Amino acid sequence: MKKVNIFPTPIYEFHNSDIDNDDIVEKLSKETLREHTALSSLEDLHTKEGYEDLFLWFDECLDKIHKEMRYDCDKITITSSWCNKQYAQSGMYHSPHKHTMSMLSGVYYCTHGAPTCFQDPVTQRTEAQIEVLQHDFTPFEYIEAVPGKLIIFPSWMYHSTTRSVEEVDRWSIAFNTFPDGKINYNIARDSVCLLYTSPSPRDVEESRMP
């Protein structure tokens, strides 16, 4: 028997042990947060002082995905970013959602806490008129929150978190992206787009170089 997995959905995972997450959390604790089922900040973190090194690393990770997937665009640029907080043992959570107006989205874990839950995108699997249930199958996958871990995934994927039951506040940073520069320039001449987003942390850093 040969088993072939078709149309897989890649989620990329990166780790950085050099980041001072305690320092990041201290900065995040001074941000203005709004409450929903959890707490989220109001301003774009990638445009603010104090987070430059973190977002430069995010840019490097996006560059690796850009090369791996051979996307026909100049680069993938972070266009919005924010932090999320769930109080310890509060039952706070993020309800299932996707990120509109974005190509790839990322979640960086500053602390331990509730895992991120991804919903199976092949909805036909669980919406069939005749469904024969499978042992050990669930339409959800869970990614543990570990300090220093960054996950990047297609923005159309529905995701959420479980409720916070841990003894520590859960802090994370999320971001959205857009393709930047000349898009589809080398592959589909009838679908070419020139799109230049606002400066990324990397662009700002390079502009300061002599």
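Residues numbered from 1 in each chain as written. Predicted model: local features only at pLDDT ≥ 70, side-chain atom pairs only at ≥ 80, totals over all residues. Heavy atoms only, no water.

Looking at the overall build of the chain
- Of the regular secondary structure elements, the chain holds three helices and 11 strands.
- For 210 residues, the compact-globule formula gives about 17 Å, and the C-alpha radius of gyration of the chain, at 19 Å, lands near that figure.
- Buried residues in the chain amount to 41% of all 210 residues.
- Of all intrachain contacts in the chain linking residues separated by at least 6 positions in sequence, the fraction that spans at least 24 positions is 81%. (Helix = DSSP H or I, 4+ residues; strand = E, 2+ residues; numbered from the N terminus. Rg over C-alpha atoms; globule rule 2.2 N^0.38 Å. Buried < 20%, exposed > 50% of the residue type's maximum accessible area, 1.4 Å probe, protein only. Contact = heavy atoms within 4.5 Å.)

Things to note about the pattern of salt bridges
- Counted according to the given criterion, the structure contains five salt bridges.
- Glu 13 serves as the salt-bridge partner of Lys 149, at 4.0 Å between the closest nitrogen and oxygen. In this pair, Lys 149 sits in strand β8 (residues 149-154) while Glu 13 sits in strand β1 (residues 12-15), placing the two residues 136 residues apart along the sequence.
- A residue is classified by how much of its surface remains accessible, and Lys 149, at 7% relative accessible area, is buried.
- Across the pair Asp 23 and Lys 27 runs a salt bridge, and its minimum N-O distance is 2.3 Å. On the criterion of helical spacing, the pair formed by Asp 23 and Lys 27 is a turn pair, its members being four residues apart in helix α1 (residues 21-28).
- Here Asp 23 falls in the partly exposed class, since its relative accessible area comes to 31%.
- Look at Lys 27 and you get partly exposed, because its relative accessible area is 27%.
- The structure contains a network of salt bridges with shared partners spanning Glu 31, Glu 43 and Lys 48. (Salt bridge = Lys/Arg side-chain N within 4 Å of Asp/Glu carboxyl O.)

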